[in-house]
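# An overview of the molecular structure
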Protein chains: 2
Amino acid sequence: MNESDLLARIAERSRGLGGPVEVGPGDDCAVVGAGGRLLLTVDQLVEGRHFDPGTAPDLIARKAVARSVSDIAAMAGAPLVSLGTGCLTRGRPDADELCARMAHWANAFGCPMVGGDLAFHDGPAVLTVTVLGTPHPTRGPVLRSGARAGDLVLVTGRLGGSYTSGRHLSFTPRAAEARQLADALGPRLHSMIDISDGLGRDAGRLAAASGVRIEINAARLPLHPGVTDWRRGAADGEDYELLFTAGGLAEGACSALASIGAPVSCIGRVVSGEGCVVIDPEGSAHDARELGWEHRGDQP
Amino acid sequence: MNESDLLARIAERSRGLGGPVEVGPGDDCAVVGAGGRLLLTVDQLVEGRHFDPGTAPDLIARKAVARSVSDIAAMAGAPLVSLGTGCLTRGRPDADELCARMAHWANAFGCPMVGGDLAFHDGPAVLTVTVLGTPHPTRGPVLRSGARAGDLVLVTGRLGGSYTSGRHLSFTPRAAEARQLADALGPRLHSMIDISDGLGRDAGRLAAASGVRIEINAARLPLHPGVTDWRRGAADGEDYELLFTAGGLAEGACSALASIGAPVSCIGRVVSGEGCVVIDPEGSAHDARELGWEHRGDQP
C-alpha cells in the first residue's frame, strides 16, 4: 500500500468524528472548535527525503517550520503557536543549533514554539512541527472541497525547479498572501491548497475533494526562470505556492488581485466531472495523476 | 550537551513569549489562550528507545498516544483532539495497522486524531503524537511550579519495573484521576507532574520549577508487586503515575482521597531549600539527580 492509499484510509476512518471536530484529516489542516475555531496541522521533515544530509541547520529548521505554516496558509489562516520535535542521529553535533533555529523560524513565521521534544536514534534526522492557527476572521477556513464548476483556477508565484534550485529550503509560506486573497475575494474564494507534491497532483486532490474536474492550461503555467518545460512546472514538488479556485471572476480578473503580495496567474478552470488534466500546448490532455511525485513506502 | 541541557536551553530561549502564550516550554504542556485556554503537548516514541523492535503495532500505537495524554493529565486537563505522525522503516508491512491503532487509541483516550503525516525512511520507527486539551474548569492548569514549603508529596498507583514488566506499553494515562484530584483538592492541589523518567528525577524537576526542596521517604514508596528495592521505585522510568503536592492536608489525609480511582500514597514533603532527596530506610539521603534515567545524545 502506498502513502496516498494509507493517508486515504486514515482519513476514511476519521470521518464524522463529531464533538469539537469540524474538519478532520484529509484537508490541509483540521478545524476544531475550542472556545474559538482553531486550525491544526502537523508535518514531518525527513533527512534524505526532504533535505539532503549536510544541509545547514538553519535551512533544515526553516523548512521544518515553513512546511507546516504553509498548511495554515492553505486554509487562509493565521499561524498562532507551534510545537516541534526532533529525533536526531546520535552524536549529531548541531542539535542545539537546530533547536535554536526552529524556535527562531517559528517566531519569524508568527507561531512561537510553545513545546517540543528531542530524542536521538541510529537513523536519519526526523523533525516534526505542529502549528495551531486561527481561521480568517470573516471568510473562515478555506477548504479543498469548495471548488465549483465555473470557477477559475489560479496560482500564486512561479513553479518548478524548487528542489534542484534550493528554493525548497528558503521559501516563505504564503500566509500573508492567503489572508489578502481571502480579504479581496471573500466568499468568492471557493477552495485552496498549497502545492507540496506538484501542481498536477495537488490540483487532482482539490478536484477529488470537491467532486469536480480541473482543466489546467500548460501554456499558462508561471514557470520559474530556468524552468523551460511545462511538465516540470506541473510535476515538480515543493513549490509551496497557493493553488485556489474562485467564482464570479472574469477570465481577465487577475488584475483585481494585483494588490496581493505575489504574482497571481489564472491557469485553468473548474468544470463538471472528475479528475484533473493538464492540456499541453499541442492540445493533448495529460492525467494529473501521472504528474507530481510520491514516495512509496513499499519500494526499496 | 545532554538532552536535559538541550531542553533547558530550549525552555530558556522561549521565556516570555507573550501574546496568547500563558505557559511556554518547560512544563508538561503549554497553555495557550485561543478563545478559551488550551493545553498543548507533543511527545515522541522511538523504536529501540521507548519500545523494542518486534513490539505489536497495537501496543506501540497505544503507548504513543498514552504518553502525550499523560502530559495533559499531569496538568489536570482533559484531552480534546490529537495529531499523529509516523516515520517508519521503509517496507514496514504493518504501517496501516499502526495508523489504525493510533486512531483507535486516540479515540479511546478521548482525543480523536484530526490530522497527521506518514513517511518512510531507512531508520527505526519514530512516532509523534500532539494532544490538545482543555484545563480543569475550576482549578485551571496545575503546573510544576506551584509546590510550596509545607506541602505533602503524593503519588498515584504503584512504582517500578514498568519497562521490564511491559506495563510501559499498556498503562492508562491518569486523566480521570487527575480531574478527580483537582475536583477533590481544588486550590490545595499546588503542583503536579507525570512520572516518565523516574520518580526521583521528575520530583527533582518539580522541585526546581517550584524553587523548593522535596524530601521523599523511601519506605513509603508504593512499589509494584515484584519490585522489592526502593531504588527501583525511585529510579525506574515509564511509570506514568501522577506525582503531586498539596497544601493544607494533614499527614493522614490521604484517606480524603480514597474516592480517587487509584491508590494515593503520601511519600514525602516539601521544605524550603532546593533539590530533591530520597531518604532510605537507614536514614541516609540520596540525591534524586543520581536516580532516574536519561538518554544521552552525545554518547554512542
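The following paragraphs examine the structure supplied in this document. Residue indices follow the written sequence of each chain, beginning from 1 at its first position. Lettering for chains starts from A, numbering for ligands starts from 1, and both go in the order in which the items are written. Owing to the predicted nature of the model, reporting of local features is limited to residues with pLDDT of at least 70; listing and counting of side-chain atom pairs is limited to 80 or more, with chain, interface and lining totals taken over all residues. In computing side-chain values, all of the structure's heavy atoms are included and hydrogens and water are not.

## Notes on the overall build of chain A
- Counting from the N terminus, the helices are DSSP H or I runs at least four residues long and the strands are E runs at least two residues long. Per the secondary structure count, chain A includes eight helices and 13 strands.
- Counting every position in chain A, which comprises 300 residues, the buried fraction comes to 63%.
- Contact criterion: two residues are considered in contact whenever any of their non-hydrogen atoms come within 4.5 Å of each other. Sequence separation of at least 24 residues holds for 83% of the intrachain contacts in chain A that already meet a minimum separation of 6.
- In these tables, accessible area is a Shrake-Rupley quantity obtained with a 1.4 Å probe, and a residue counts as shielded only by the protein chains included in the view. When the accessible surface of chain A is split by element, carbon and sulfur atoms take 49% of a total near 10600 Å². Relative accessible area decides the class of each residue, using a 1.4 Å probe on protein chains only: under 20% of the type maximum gives buried, over 50% gives exposed, and in between gives partly exposed.

## Thoughts on the pairing of strand β11 (residues 264-271) of chain A
All names here are of chain A.
- Within β11, seven of the eight residues are buried, which leaves the element mostly enclosed by the surrounding structure.
- With five bridges joining them, strand β7 (residues 152-156) and β11 adopt antiparallel strand pairing. Residue pairing in the sheet places L154 in a bridge with C266 of β11.
- Strands are labelled as partners when DSSP assigns at least two bridges between them. Direction of pairing for strand β9 (residues 213-217) relative to β11: antiparallel, over a ladder of four bridges.

## A closer look at the side chain of T55 of chain B
Residue and element names in this part refer to chain B.
- Counting through the fold element by element, T55 comes out in the loop between β3 (36-46) and α2 (57-73).
- Any N or O atom pair separated by 3.5 Å or less is treated as a polar contact, with the protein-specific requirement of one donor-capable and one acceptor-capable atom, and with residues adjacent in sequence counted only for side-chain atom pairs. Here the side chain of T55 touches D52 through a polar contact of 2.6 Å, landing on its backbone oxygen.
- The residues contacting T55, other than those within four sequence positions of it, are I60 and L169.

## Side note on helix α6 (residues 175-185) of chain A
All names here are of chain A.
- Within the span of α6, buried status applies to A175, E177, A178, L181, A182 and L185. Mapping the buried residues of α6 onto a view down its axis gives an arc of 165°, with all of them on the same face.
- Taken together, the buried residues of α6 touch α2 (57-73), β4 (78-89), β7, β8 (189-194) and β10 (242-246).
- Phi for G186, located one or two positions after α6, is positive at around 55°. What the arc describes is the spread of directions from the helix axis to the C-beta atoms.

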